[in-house]
Amino acid sequence: MAQIIADRRDIDFVLYEQIKTDELTAHKRFAGLDRKTFDLIVNEARTFAVKEILPTFAEGDRQGVSFAGGDVKVPACYHRPYKLFCEGEWTAMTADPDLGGQGLPVNISQAASEYLVGANYAFTLYGMTGHAAGELIEIFGTDKQKRMFLKNMYTGKWCGTMQLTEPQAGSDVGALTTTAVKNEDGTYFLTGNKIFITGGDHDLTENIIHPVLARIQGAPAGSKGISLFIVPKIWVNEDGSLGEANDIVCTGIEEKMGIHGSATCAMALGSKGNCRALLLGEENKGMRAMFHMMNAARLAVGFIGLVNASAAYLYALNYARERLQGKELHRLADPDAPSVPIIRHPDVRRMLIWMKAHVEGMRSLIYYAGNCLDRLECSKNDEEKRYRQGIVDLLTPVIKSYFSDRGFDVCVEAVQVFGGYGYTMEYPVEQLLRDCKIASIYEGTNGIQAMDLLGRKLGMQKGAVFMNFLGEVQKTIAEARTLPLLESMAARVEDAANRLAETGMQIGQTALAEETRAAAFGFAKPFLDAMGDVCMGWMLLWRASIAAAALLKSAGSLDLESRRQAAAKSRDAAFYEGQIQSAAYFINSILPITRGRMAAIGAVDPAAVEMPEAGFGG
């Protein structure tokens, strides 16, 4: 049976052969869990996603969200799956079971979410935002606030949002004008307007809890004067019961390119002067708290890029195996030659292996980051915690930006594999393309992620974190060099990693000088993309090392003929051979292009910043 949404064999490979997630069960944090439990959870997620969520993908897109008389309604087909989604406890898989979660490792949550989110992330956004918003209350809230909100948010009974953006304050959050006035009872009245709020209002749950950024009257200007507030749609009494409707309403929804089933709302706070709020954390420390949520959200947005790419690739692969069109290349002139599946054509194979390599590299990298978070939670060693957190912090802008860009690119290639049919609504790849595009804009545009990487992350701990990252790459290179088959690939990855280190130091130093800073930041995004390519080479070489060792054990030899014979007899051997070929394609065909790009980055040509504004034309 053809796989859809995500490749289960590849997920298992990453979990148990590459990342070794099952090792986590030896730690107290995950006591009582084992691989059998993990597999059961992923199986259940896949079954539920295919049976209940996937049917809402096209229907929810066509029906969309409606707004009439001040009420926001989600597609009708969302209601039953959402109820089952909550009953299945899929809303907060990593959260403490006492608070409504499952207490799972991040890696297992990722594996389950490949199906749950990949089936229709416009739907799944509703179910998982309560956990994201609730984490802010768990970390920064008072005990009373935790009792009032957490369980209902983590179980999906109440949804959540993240309210930052205003018409004049998009990426520049410090320019917001929403104000807060303190009341005698310790609550606050908020007044302002927010836009582009995912799930800002809808009819799936009885309440929606909004973390809102606002400035208390008299607070400093800019981001230093911003505080974070809890604003319930329906006021929550201290005993957890619901009170009256709060003065926060949706004033309209956006008509978007994609994710039509997700309500993107404009919100008015305090239009009647009675928007009540609770301070979350300390006054004027709202950005510190919100950035915790935003960093997690950036990893989640990168994950959206992966799951859309994964689904698009599998649809394209299945179609290429079934679609008969054209003749074999060596029989083009033979009038009696039969039509063959398009997967036999070299250019289609080029597109498929390009998609496969990126999907698999992205899957490995984001699971690696998740595993760092899991092992950080298990560790009692402060130095190890600092090391792993540093790696995650460094990779976060890369995962967010690179994955959302390459995820979209994979969807583009999938449409191309389908040909004219890919451009129609008869097949799902055009919707995946539309739905995926927002990921490069969500949670800080990809250009902002690149500025963060260059301006902040490369210099963390005086550059030690970047060097630790390069050290991790070198470990994989050293392992690959023990297998003669991978020697040349290892050398290419090492060359690219060394060039990345040189380019990082060069552009970092250029960015420090006032006269060249603007030109350097003009190359921040190309540098991030180059780092993403090196990460893909690293992950794919790591995969190939595991695969080659497994083939050597089963086939007794790594010569091409022995590998081919093994692949013809065994699905596992064919899978491992696929890992070697994916790595070979990316490392031998993509990384040389990356090296050329790094040469261009190193030159720091100032044309983009020296161009007079009028010179752009128009």
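Higher on the page you've got the structure.
Residues numbered from 1 in each chain as written. Predicted model: local features only at pLDDT ≥ 70, side-chain atom pairs only at ≥ 80, totals over all residues. Heavy atoms only, no water.

Asks: Quick question: what am I supposed to make of the overall build of the chain here?
Replies: The helix and strand inventory of the chain stands at 19 helices and 12 strands. What you see for the chain is a C-alpha radius of gyration of 25 Å, in line with the 25 Å of a compact globule of 618 residues. Expressed as lengths along the three principal axes of its C-alpha atoms, the size of the chain is roughly 80 × 60 × 60 Å. Across the 618 residues in the chain, those meeting the buried criterion constitute 56%. (Helix = DSSP H or I, 4+ residues; strand = E, 2+ residues; numbered from the N terminus. Rg over C-alpha atoms; globule rule 2.2 N^0.38 Å. Buried < 20%, exposed > 50% of the residue type's maximum accessible area, 1.4 Å probe, protein only.)

Asks: Can you help me understand helix H18 (residues 571–603) in this one?
Replies: Because each turn of an α-helix spans 3.6 residues, side chains separated by three or four positions in sequence point in the same direction. Compared with the 48 Å implied by 1.5 Å per residue over 33 residues, the 47 Å span of H18 between its first and last C-alpha is a close match. A side-chain oxygen of the first residue of H18 lies 3.2 Å from the backbone nitrogen of Asp 572; this N-cap is Ser 570. A positive backbone phi angle near 45° is found at Val 604, which sits one or two residues after H18. (Expected span 1.5 Å × (residues − 1). Polar contact = N/O pair within 3.5 Å; in protein donor to acceptor, adjacent residues only side chain to side chain.)

Asks: What am I meant to see in the packing of aromatic side chains here?
Replies: Working definition: an aromatic ring pair is given by the centre-to-centre distance plus the angle between the planes. Taken as a whole and assessed by the stated rule, the structure comprises 17 aromatic pairs. Their ring planes at 85° and their centres at 5.8 Å tell us that Phe 85 and Phe 123 sit as a pair that is edge-to-face. Residue Phe 85 is found in helix H4 (residues 79–87), and its partner Phe 123 is found in helix H6 (residues 121–140); the two are separated by 38 residues along the sequence. There is no split in this pair, since Phe 85 and Phe 123 are both buried. Considering the side-chain rings of Phe 575 and Tyr 576, the 5.8 Å spacing of their centres and the 70° angle between planes classify their relative orientation as edge-to-face. Here Phe 575 matches Tyr 576 in class, with each residue buried. The residue whose ring lies beneath Arg 35 is Tyr 16, and the NZ or CZ to ring-centre distance is 3.7 Å. (Phe/Tyr/Trp six-rings, centres within 6.5 Å; stacked < 30°, edge-to-face > 60°. Lys NZ or Arg CZ within 6 Å of the ring centre and 35° of its normal.)

Asks: Explain the pairing of strand E4 (residues 179–182) here, please?
Replies: Sheet topology note: the E4/strand E5 (residues 188–198) ladder contains 4 bridges and is antiparallel. Counted as the bridge partner of Thr 179 is Thr 191 from E5. Of the pairings in the sheet, the one linking E4 to strand E6 (residues 207–216) comprises 2 bridges and is parallel in character. Each residue of the ladder has a partner; that of Thr 179, found in E6, is Arg 215. (Pairing = 2+ DSSP bridges.)

Asks: How do you make sense of unusual backbone geometry when you look at a structure like this?
Replies: Among all residues save glycine, negative phi is the norm, and among peptide bonds the norm is trans. Even without glycine at this site, Lys 462 takes up a positive phi of about 60°. Within the secondary structure, Lys 462 sits in the loop between helix H12 (446–457) and helix H13 (464–480). The backbone phi angle of Val 604 is positive, close to 45°, even though this residue is not glycine. Residue position: Val 604 is located in the loop between H18 and helix H19 (607–610).

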